[in-house]
Amino acid sequence: MIDTIKRQIVLQRACVLAALCWPLCASAQAPYTLVDLGVVGNAGGPNHITNNDISVGSVQGSDGHDHAVIYFDQHLIDINQPGLGGANSLAQGNNPWGEVVGGANIANVDPRKEDFCGFQSLGITTATASCRPFLWWDGKMTALPTLDNNHGNNGFAASINDFGEVAGAAENKTPGCPTQNPASGLYQYYQYKPVLWRDHTVEELSTVGGDPVGTAVSINDLGEAVGTTGTCGAFDPLLGYFMNPLHAVLWKKDGTAIDLKSLGGNESSAFGSAAKAINSFGHVVGFSSLPDNMTFNAFLWTREAGKMKALVPIKGSANSIAIALNDKDAVVGSSINSAFTAMTATLWKNGEPTDLNTLIPGNSSLYLIFGCSINSRGEILGLATNLAGTIYHAYELIPVGE
């Protein structure tokens, strides 16, 4: 059942390439101006916005491949080529200094036919090359090292802070996934671990509970990182990895791992627990299974409370996921119905959920389904669909009066 649900989410990401950068008119009554940043592809989407309003993500190019892109002042900058020599790339994080991180195919076909960056699972069936973590700056994309003296085949860089420290995942050379069966969506063979890169040197972080795999997905300017550890599984579109997420984890600057626990679900739950973002104060958001082990809610974890607080979905939805937060603890993500057929971009302030579609001009031609990132000025980057639900767009929300 869970695999069916995951496939439903993936299928809803499929879209057709169309014109880019359609600015929309703002209503004086709406709290936000909505800017359409254009269409994204099967594996594409917006991912992160900085405090100086530079965003990154990926779109499907005219060649059918996924291209890492930078959004700046409603312009699209393609940074996919020459890349690392392969066809596909995805930009996941960036900082105000113009540094961008993500994952990119190299020219070599992966020796175990793994799909580490998920391009095949998200619809790009020809993406069989290894996927390496990258740092892009000043027009050049450079591969970051993997584990086992850089002999791991794959890796992915998920986040970069203002000091150039990078969080992500890197593969080693230890077989760690008991069943590799691409026909069933089980591509992973080797272990991969949560890592940090400092000055292009890779540092492995510990997992929790003996978990064989894990990833760090966000790092703040204090060098604290968050992410998830678990066991190998099918591709999880909520995480972007082949993982059954068991533990939401905070790594202190010294590498100490803290299990953030759950909202009541246990390790046999359908969706597990995962941390998605951390702010400058060490506050963390993500999602966690509830005590019924079949539904999940977004959470906000703070050191002051020492535990997760549930961020409930909007009325009419059963599930919620938090993807990002800013230093004011404004949180963005999505509310999802029990059938996984309807997703609604959601903003939480003071723990209260609001449908972002109620905060934009009423004549909008987009329906907002995910809030993906929010900066210190309250600008929101996210994913939307046209009203027919057939074409998917990146969008930005700008508070009126800014």
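Residues numbered from 1 in each chain as written. Predicted model: local features only at pLDDT ≥ 70, side-chain atom pairs only at ≥ 80, totals over all residues. Heavy atoms only, no water.

Draft legend 1. A look at the sheet that holds strand 19 (residues 273-278). With antiparallel pairing, the four strands of this open sheet are ordered in space as 19-20-21-22. In this open sheet, the two edge strands, each paired with only one partner strand, are strand 19 and strand 22 (307-311). When the angles between neighbouring strand axes are averaged without regard to direction, this sheet yields 30°. (Pairing = 2+ DSSP bridges. Helix = DSSP H or I, 4+ residues; strand = E, 2+ residues; numbered from the N terminus. Axes fitted to C-alpha atoms, helices over the stretch in contact; angles between N-to-C directions.)

Draft legend 2. Focus on the pairing of strand 14 (residues 201-204). Examined bridge by bridge, strand 13 (residues 190-198) and strand 14 share four bridges and lie antiparallel to one another. Considered in strand 14, the bridge of Arg198 is made with Thr201. In this structure, the hairpin formed by strand 13 and strand 14 is closed by a connection of two residues, where Asp199 is found at a positive phi of approximately 55°.

Draft legend 3. Highlighting the environment of Thr231. Summarising the element assignment, Thr231 is placed in strand 16 (residues 225-236). Separated by 45 residues in the primary sequence, Thr231 and Lys276 place their C-alpha atoms 17 Å from one another. Excluding residues within four positions of it along the chain, Thr231 makes contact with Pro212, Val213, Phe242, Met243, Asn244 and Leu246. (Contact = heavy atoms within 4.5 Å.)

Draft legend 4. Quick look at the sheet that holds strand 5 (residues 66-72). Taken together, the four strands give an open sheet; going across it, the order is 3-4-5-6, and neighbouring strands pair in antiparallel fashion. In the strand order of this sheet, the two ends are held by strand 3 (45-49) and strand 6 (75-78), each with one partner. Neighbour to neighbour, the strand axes of the sheet diverge by 30° on average, direction disregarded. As paired strands, strand 3 and strand 4 (residues 54-60) are joined by four bridges and run antiparallel to one another. Each residue of the ladder has a partner; that of Pro46, found in strand 4, is Gly57.

Draft legend 5. Fine view of unusual backbone geometry. At the junction of Gln81 and Pro82, the peptide bond is cis and its omega measures out at 0° in the coordinates. Locating Pro82 in the fold gives a position in the loop between strand 6 and strand 7 (85-94). Notably, Asp148 is not glycine yet its phi reads approximately 55°, a positive angle. Within the secondary structure, Asp148 sits in helix 2 (residues 147-150). For Asp148, a relative accessible area of 38% corresponds to the partly exposed category. The backbone phi angle of Lys261 is positive, close to 65°, even though this residue is not glycine. Examined against the element boundaries, Lys261 turns out to sit in the loop between strand 18 (257-259) and strand 19. (Buried < 20%, exposed > 50% of the residue type's maximum accessible area, 1.4 Å probe, protein only.)

Draft legend 6. Main features of the packing of aromatic side chains. Across all of its chains, the model carries 11 aromatic pairs by this definition. With 6.3 Å between their ring centres and 90° between their planes, Phe156 and Tyr241 make a pair best called edge-to-face. With Phe156 in strand 11 (residues 155-160) and Tyr241 in strand 17 (residues 241-251), the pair connects residues that are 85 residues apart, well separated along the chain. Given a relative accessible area of 8%, Phe156 falls into the buried group. (Phe/Tyr/Trp six-rings, centres within 6.5 Å; stacked < 30°, edge-to-face > 60°.)

Draft legend 7. Spatial organisation of the confidence of the model for the protein. With 93% of its residues at a pLDDT of 70 or more, the protein has an overall mean of 91. Contacts of residues 1-28 to residues separated by more than four positions or lying in other chains number 70 contacts, the stretch itself having pLDDT below 50. (pLDDT = per-residue confidence, 0-100.)

Draft legend 8. Quick look at the pairing of strand 9 (residues 129-137). With eight of its nine residues buried, strand 9 lies for the most part within the structure. In terms of strand pairing, strand 8 (residues 100-109) meets strand 9 through seven bridges, oriented antiparallel. Bridge pairing links Val109 to Ala129 in strand 9. Sheet topology note: the strand 9/strand 10 (residues 140-143) ladder contains four bridges and is antiparallel. Paired with Trp136 across the bridge in strand 10 is Met141.

Draft legend 9. The state of the cysteines, seen in detail. A full pass over the atoms with the stated rule returns two disulfides. Each sulfur in the disulfide pair Cys117 and Cys131 lies 1.9 Å from the other. Around the S-S axis, the bridge from Cys117 to Cys131 shows a dihedral of about -80° and counts as left-handed. Of this pair, Cys117 sits in the loop between strand 8 and strand 9 while Cys131 sits in strand 9, and the two are 14 residues apart along the sequence. Each disulfide pairs two cysteine sulfurs, and for Cys177 the partner residue is Cys232, the sulfurs being separated by 2.0 Å. (Disulfide = S-S within 2.5 Å.)

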